[in-house]
Amino acid sequence: MVLATNTILLIYVAAAVIPAILLLIYVYRQDKADREPIGLICKLVGLGIVAALCSIVLEMIGESILNHYVNAGYIMNKSNSYYFILAFAIVAVIEEGTKAFFTYVGSWKDKAFDYHFDGIIYAVSTSLGFAAFENVKYVFSYGLQVALPRAFLAIPGHMTFAVLFGLFYGRAKYYENMGGDMGKRGKHRSIAIGYILAVLMHGTYDSCAMIGSSTSTAVYIAVIIVMYLICFGLVRKEAKSDYSLSAFSSMK
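Residues numbered from 1 in each chain as written. Predicted model: local features only at pLDDT ≥ 70, side-chain atom pairs only at ≥ 80, totals over all residues. Heavy atoms only, no water.

(A) Fine view of the overall build of the protein chain. The secondary structure content of the protein chain amounts to nine helices and zero strands. For 252 residues, the compact-globule estimate of 2.2 N^0.38 gives 18 Å, and the C-alpha radius of gyration of the protein chain, at 19 Å, lies within 12% of that figure. Dimensions of the protein chain along its principal axes, counting C-alpha atoms only, are 55 × 55 × 30 Å. In the protein chain, the proportion of contacts linking residues at least 24 apart, taken out of those at least 6 apart, comes to 81%. Distance between charge centres in the protein chain, computed from 20 positive and 16 negative side chains, equals 3 Å. (Helix = DSSP H or I, 4+ residues; strand = E, 2+ residues; numbered from the N terminus. Rg over C-alpha atoms; globule rule 2.2 N^0.38 Å. Contact = heavy atoms within 4.5 Å. Lys, Arg positive; Asp, Glu negative; His and termini not counted. Charge placed at Lys NZ, Arg CZ, Asp CG, Glu CD.)

Take a look at the structure:
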């Protein structure tokens, strides 16, 4: 009985985690210029799990505030406006915020951050740690039937949001290495743009899935197509056009 239970647990964990591991390996192997330390990648994956735990707490607070306005009659419960606020202002803002924060904490000052494409790798590592933890929670809550759709939708979704943020995160490091006021402005602007793009993509994905109307479903399908183009096309493109950031750091 104990052996059977342990086998079932392993199957559930494997079904939840393996898609994230495979995507992480895929992105990691695209880095042809200078492979990142495995220890740093593992640290960022762990920080992604911390980000997921923080998001759970913050989203509970956010939803309680939103439901307060629902109970006060300012927002109609289960209306389109309710789902838009929930998806964009709570879920997307919080989840992309925690992932961006822990990506920054875990990698910004690391000496290995010396190529533009590193920003994508770091953001994806944190995001897939987040997605793997979230997936374990969903699989244990709703069963193995959610593992397959989440493997093709939710996990690549988190990776896509991370690629958008990571693209500009790498540029932010480029600007910081320039130094001066222009470098500072470029750093902050790049991080802000990456975060906003990730929030917009995440919020659109979630709101369309929540609303479930014919229009939102059509938009949802379009978002998934764009998501995959970004997820794999942009990763390959940025990996091929990767460049070193060390030239500017040596000039400072």
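Now that the structure has been shown, we can carry on.
(B) Up close: the confidence of the model for the protein chain. This prediction gives the protein chain a mean pLDDT of 92; 96% of its residues lie at or above 70. Of all helices and strands in the protein chain, the one with the weakest mean pLDDT is helix α9 (residues 246-251) (54), whereas helix α3 (residues 80-107) scores best (97). (pLDDT = per-residue confidence, 0-100.)

(C) Up close: helix α8 (residues 214-240). Here α8 spans 39 Å end to end across 27 residues, near enough to the 39 Å set by a 1.5 Å rise per residue. The sharpest bend along α8 comes to roughly 25 degrees, located at G233. Three or more residues of α8 are buried, namely S216, Y220, V223, I224, M227, I230, C231, L234, V235, E238 and A239. (Expected span 1.5 Å × (residues − 1). Bend = angle between axes of the 7 residues up to and from the residue. Buried < 20%, exposed > 50% of the residue type's maximum accessible area, 1.4 Å probe, protein only.)

(D) Representation of the packing of aromatic side chains in the model. Applying the stated criterion to the full structure yields 17 aromatic pairs. For the ring pair W108 and Y169, a centre distance of 5.3 Å and an interplane angle of 50 degrees mean the geometry is tilted. Note that W108 is positioned in the loop between α3 and α4 (118-142) and Y169 in helix α6 (residues 154-178), a separation of 61 residues in sequence. Residues F161 and Y205 carry aromatic rings whose centres are separated by 6.2 Å and whose planes lie at 70 degrees to one another, so their mutual orientation is edge-to-face. (Phe/Tyr/Trp six-rings, centres within 6.5 Å; stacked < 30°, edge-to-face > 60°.)

(E) Broad picture of the nonpolar core. Judged by nonpolar contacts, the single largest core of 52 residues is most densely connected at F117, Y122, V124, L128, M159, V163 and Y205. Those elements that place two or more of their residues in this core are α1 (2-30), α2 (38-71), α3, α4, α6, α7 (180-211) and α8. Looking at this core element by element, the count peaks at twelve residues for α6. Residues contacting Y205, with those up to four places away along its chain left out, are L153, A154, F161, Y220, V223 and M227. One finds I75, Y82, L86 and I94 within the second-largest nonpolar core, a separate group that totals nine residues. (Core = buried A, V, L, I, M, F, W, Y, C linked by side-chain atoms within 4.5 Å.)

(F) Layout of α2. End to end, α2 covers 49 Å across 34 residues, agreeing with the expected 50 Å (1.5 Å per residue, within 8%). Restricting attention to buried positions, one finds in α2 the residues L40, I41, L44, L47, G48, A51, A52, S55, E59, G62, L66 and V70. Of the residues trailing α2, G73 is marked for its positive phi of about 90 degrees.

(G) Layout of the environment of T126. Tracing the backbone shows T126 in helix α4. Each C-alpha atom of the pair T126 and A100 lies 8.3 Å from the other, and the pair is 26 residues apart in sequence. Apart from the residues lying within four places of it in its own chain, the contact partners of T126 are L44, L47, G48, K99, F102 and T103.

(H) Inspection of the packing of α3 against α7 at higher detail. Across the interface, α3 lies against α7 with an axial gap of 8 Å and an inter-helix angle of 140 degrees. Taken together, α3 and α7 sit at an angle that is classed as oblique. The two elements α3 and α7 cross, and the hand of that crossing is right-handed. Residue classes in the contact of α3 with α7 are distributed as 16 nonpolar, six polar and four charged. (Axes fitted to C-alpha atoms, helices over the stretch in contact; angles between N-to-C directions. Parallel < 35°, antiparallel > 145°, perpendicular 65-115°, else oblique. Left-handed = near helix turned anticlockwise from the far one by under 90°. Nonpolar A, V, L, I, M, F, W, Y, C, P; charged D, E, K, R; others polar.)

(I) Local environment of the pattern of salt bridges. Considering all chains together, one arrives at five salt bridges under this definition. Where K99 meets E96, a salt bridge forms, and the shortest distance between an N and an O atom there is 2.9 Å. You can see K99 and its partner E96 sitting in helix α3, three residues apart, about one turn around the helix. Its salt-bridge partner being E238, residue K237 comes within 3.5 Å of it at the nearest N-O pair. Judged by relative accessible area, E238 falls into the buried class, the value being 7%. (Salt bridge = Lys/Arg side-chain N within 4 Å of Asp/Glu carboxyl O.)

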